[in-house]
Amino acid sequence: MILYVQDNKAVCPSCSGMVTARQNFYFCSDCGSAYIGIGHGRVEGEVIVETVGKEK
């Protein structure tokens, strides 16, 4: 899954909510999805992420 990050802001690929970053982890404030960054995308601002569950 690809996460698009611009100016330290990102959009959740599941619900289009706001995503915040903590180190290599990304958390959606709307649906609670949690992602881990596993690589850089092909263009600037892309991060390849994998779903790791829901934030409690």
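Reference entry: report on the structure contained in this document. For clarity, every value in this text was computed on a predicted model and none was experimentally measured.

Some words on the overall build of the protein chain
So, step 1. Looking only at helices and strands, the protein chain features 0 helices and 6 strands.
So, step 2. Against the globule reference of 10 Å for 56 residues, the protein chain gives a C-alpha radius of gyration of 10 Å, in line with a compact fold.
So, step 3. Principal axes of the C-alpha set define a box for the protein chain whose edges measure 30 × 20 × 20 Å.
So, step 4. For the protein chain, the residues scored as buried account for 29% of the 56 residues in total.
So, step 5. In the protein chain, once contacts between residues fewer than 6 apart in sequence are set aside, the share between residues at least 24 apart is 19%.
So, step 6. Of the roughly 4,100 Å² that the protein chain leaves accessible, carbon and sulfur atoms contribute 51%.
So, step 7. Taking the average location of the 5 positive side-chain charges in the protein chain and that of its 6 negative ones, the two points are 7 Å from each other.

Overview of the side chain of Ser33
So, step 1. Looking at where Ser33 falls in the secondary structure, it is placed in strand S5 (residues 33-40).
So, step 2. Taking the relative accessible area as the measure of exposure, Ser33 reaches 6% and is therefore buried.
So, step 3. When neighbours within four sequence positions are excluded, Ser33 is seen to be in contact with Ser14, Tyr26, Phe27, Cys28, Gly53 and Lys54.

Notes on the nonpolar core
In summary, soluble globular proteins display a tendency toward joint burial of nonpolar side chains.
So, step 1. Grouped together as the largest cluster of nonpolar side chains are 9 residues: Leu3, Ala10, Cys12, Val19, Tyr26, Cys28, Tyr35, Val47 and Val49.
So, step 2. Contributions of two or more residues to this core are made by strand S4 (25-28) and strand S6 (46-54).
So, step 3. Sequence-distant contacts of Tyr26, defined by excluding residues within four places in its chain, comprise Leu3, Val19, Thr20, Ala21, Ser33, Ala34, Tyr35, Gly37, Val47 and Val49.

The rules behind the values
- Residues numbered from 1 in each chain as written.
- Predicted model: local features only at pLDDT ≥ 70, side-chain atom pairs only at ≥ 80, totals over all residues.
- Heavy atoms only, no water.
- Helix = DSSP H or I, 4+ residues; strand = E, 2+ residues; numbered from the N terminus.
- Rg over C-alpha atoms; globule rule 2.2 N^0.38 Å.
- Buried < 20%, exposed > 50% of the residue type's maximum accessible area, 1.4 Å probe, protein only.
- Contact = heavy atoms within 4.5 Å.
- Areas by Shrake-Rupley, 256 points an atom, 1.4 Å probe, with all protein chains shown as cover.
- Lys, Arg positive; Asp, Glu negative; His and termini not counted.
- Charge placed at Lys NZ, Arg CZ, Asp CG, Glu CD.
- Core = buried A, V, L, I, M, F, W, Y, C linked by side-chain atoms within 4.5 Å.

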